[in-house]
Amino acid sequence: SGRVTDETTGQPIANTLVRGHIIVCQYDGPERFDRCPQQETATDAEGYYELVFDTALTVTGRSRGRDTLCVYAGAAGYETQPRYVRPNVTPENTSFTDFDLALAPGKEIKGVVADSGGLPVAAAVVRAQNSNNGDWNFFGALGKAVSAADGSFVLWIGGADRDYQTREPWLCIQKQGSGAALVWDILSTNDLGTVQMLPCGQIAGRVVDGQGASVAGCEVSVRGYPCSLIDRTTTDAEGRYVLGGVPGVPSIVDFYQRKNKGYQDSWGVVDVYARLNPDLNLKNAPQYKIKARDGEVVTGPDLVVGTEASVSGRLVASDVPYGLGGLMVRVDRWDNMVETDPEGRFLFPTVAPGTHTLAAYLPHNLRYDRGIGRITIDVEPGRPITDIEIPLERLAELRIQYLDADGNPLEGIVAGATWASSGEGPWTEGTRSDEQGWAVLYLYPNEVQYVGG
């Protein structure tokens, strides 16, 4: 809760749209932001607001204490200003008062969205974006509007001198399945006139089962930066699908050339996913990467569903100075991790056929591939694996007490260690110090480490 005022006069701004979102770090996968809670309200006559979120909170695991809350406010004539709330959201920190925002004069951006034939496009989402923060870009925290029935839109954004906005913000205009437009130089004019959607491309393909038979009624979606969810459909009786409105070559190349002052071939690709179970995390669903071509239909490889298998097991340790619960186990990718139960057991509900590497990690130190135990497995189509054991390495336990200059304990200091006496380069993260100033580091034995905090 807090108050929104005019930065120049200090007067309250009534009827300001105030929105917010919490990034819940235990959510992962392509739909992570979709799952995060969002709320909005308007300020009263005295500029006061209150947002109330109903949300899961990360209490264990790799992101303990790092659920972040962002609040953003905007009104006609003013900037749309985003600000992170500190400290982060934890079970101990769930109430934040006097979170005030002072808004500076804003920049009006207006225009009309039209399709490639010049007809108005209603219900297109218009978002101001830049390179500073992907969270803000997704939620529209720098300015967001929806086009009216005649295609018109108006939004207010910040000036180029604001700390949260680069000097070259752009607009991402998108309507799911219909198309997109990426507009630069939005600070140089107020009226963009008619903004035509890019011709965009289509992606077509087929979903089959493990025997090559067509699968009808299967959800297929395509996602990619900067539009996030681009289109979603279901397969027909022959297992076929067509996804539309996908920015491709050359428009997506032109966008990255302008944004990043260069282009790499890995940029501009989109991810296509298929899943029969709508609750399945897309990171575990059959998928492929492909680059669309504007105005053309690109055919993707067959997506094979139903061949995944569950993989489960436990961590094995004869003598470790920490509990087995709350550790993390990873299959191949950093974005494919699960948390162990108090007995060290883990479960991956869907793993694709093939050879995979499983690695175990401490929840507060996930920075390196080595981990604290690893094993390679072979997964056969549709055949669950239930008896995996991952032996854990023995680590050295180092306890450190942090004090202030007068010898008083310091709480909340993150213990750290590096291989360089300067403190630079790769580092190992430990726990946060308790009320007596004590924190713990777990280190690989027989290595010289330099400890800090």
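Located above this text is the structure these notes cover.
Since the model is a prediction, treat every value here as computed from it, not as a measurement.

Trainee: Let's hear about the state of the cysteines: which residues, and what values?
Mentor: Inspection of every chain in the model, using the stated rule, returns zero disulfides. Cys200 carries a free sulfur, and the closest cysteine sulfur to it, the one in Cys227, is 7.5 Å from it. We classify Cys200 as buried; its relative accessible area is 2%.

Trainee: Account for the pattern of salt bridges, with residues named and values stated.
Mentor: Taken as a whole and judged by the stated rule, the model has 22 salt bridges. Note that Arg162 is salt-bridged to Glu7, the shortest N-O span being 3.4 Å. One end of the pair, Arg162, is in the loop between strand E11 (152-157) and strand E12 (170-175); the other, Glu7, is in the loop between strand E1 (2-6) and strand E2 (17-23), and 155 residues separate them in sequence. Take Glu7: its relative accessible area is 43%, and that puts it in the partly exposed class. Here Arg293 and Glu296 are joined by a salt bridge, their closest N and O atoms 3.7 Å apart. A relative accessible area of 40% places Glu296 in the partly exposed class. Several salt bridges converge on common partners, so that one network encompasses Glu31, Asp34, Glu219, Arg223 and Arg275.

Trainee: Report on the packing of aromatic side chains, specifying residues and quantitative values.
Mentor: According to the stated counting rule, one finds 14 aromatic pairs in the structure shown. Ring geometry for Trp170 versus Trp184: centroids 4.9 Å apart, planes at 40°, classification tilted. With Trp170 in strand E12 and Trp184 in the loop between strand E13 (179-183) and strand E14 (191-196), this residue pair connects regions lying 14 residues apart in the sequence. Overall, the relative accessible area of 1% leaves Trp170 in the buried class. We classify Trp184 as buried; its relative accessible area is 15%. With a centroid separation of 5.4 Å and an interplanar angle of 75°, the aromatic rings of Trp170 and Phe255 are classed as edge-to-face. On the criterion of sequence distance, the pair formed by Trp170 in strand E12 and Phe255 in helix H3 (residues 251-260) is long-range, its members being 85 residues apart. Across the pair, exposure class does not vary: Trp170 and Phe255 are buried alike. The structure contains a cluster of three or more aromatic residues connected by ring pairs, namely Trp170, Trp184, Tyr225, Phe255, Tyr256, Tyr263 and Trp267. A cation over an aromatic ring shows up here: Arg35 above the ring of Tyr27, its NZ or CZ 4.0 Å from the ring centre.

Trainee: Could you give me a rundown of empty space enclosed by the protein, with the residues and numbers involved?
Mentor: Tallied over the full model, the rule gives two cavities of 30 Å³ or more. Estimated volume of the second largest cavity: approximately 40 Å³. Along its surface, the second largest cavity is lined by Gly224, Tyr225, Pro226, Cys227, Ile230, Pro247, Ile252, Gly268, Val269 and Val270. Tallied by class, the residues present in the lining of the second largest cavity amount to eight nonpolar, two polar and no charged.

Trainee: Go over the side chain of Gln129, please, and point to the residues and values.
Mentor: You can see Gln129 is positioned in strand E9 (residues 125-129). Of the residues examined, Gln129 reaches a relative accessible area of 1% and is grouped as buried. Residue contacts for Gln129: discarding those within four places in its chain leaves Asn137, Leu142, Pro169, Trp170, Cys172, Tyr225 and Pro226.

Trainee: Hey, could you go over unusual backbone geometry for me, with residue numbers and the actual values?
Mentor: Following Arg86, the chain continues into Pro87 via a peptide bond in cis, with omega recorded as 0°. Following the sequence through the fold, Pro87 ends up in strand E6 (residues 81-89). Going from Val249 to Pro250, the amide bond is cis rather than trans, its omega being 10°. Along the polypeptide, Pro250 turns up in the loop between strand E18 (240-246) and H3.

Trainee: Tell me about the sheet that holds E14, and please be specific about residues and values.
Mentor: In space, the three strands of this open sheet follow the order E11-E8-E14, with mixed pairing throughout. The open sheet has two free edges, formed respectively by E11 and E14, since each of these has just one partner strand. Neighbour to neighbour, the strand axes of the sheet diverge by 25° on average, direction disregarded. Where strand E8 (residues 107-114) lies against E14, four bridges are found, and the strand directions are parallel. Paired with Lys110 across the strands is Asp191, a residue of E14.

The rules we used
Residues numbered from 1 in each chain as written. Predicted model: local features only at pLDDT ≥ 70, side-chain atom pairs only at ≥ 80, totals over all residues. Heavy atoms only, no water. Disulfide = S-S within 2.5 Å. Buried < 20%, exposed > 50% of the residue type's maximum accessible area, 1.4 Å probe, protein only. Salt bridge = Lys/Arg side-chain N within 4 Å of Asp/Glu carboxyl O. Helix = DSSP H or I, 4+ residues; strand = E, 2+ residues; numbered from the N terminus. Phe/Tyr/Trp six-rings, centres within 6.5 Å; stacked < 30°, edge-to-face > 60°. Lys NZ or Arg CZ within 6 Å of the ring centre and 35° of its normal. 1 Å grid on protein atoms, 1.4 Å probe; cavity = no way out; pocket = protein on both sides within 12 Å on 5 of 7 lines; lining within 4 Å. Points joined across faces, edges and corners; volume = space filled by probe spheres on them. Nonpolar A, V, L, I, M, F, W, Y, C, P; charged D, E, K, R; others polar. Contact = heavy atoms within 4.5 Å. Pairing = 2+ DSSP bridges. Axes fitted to C-alpha atoms, helices over the stretch in contact; angles between N-to-C directions.

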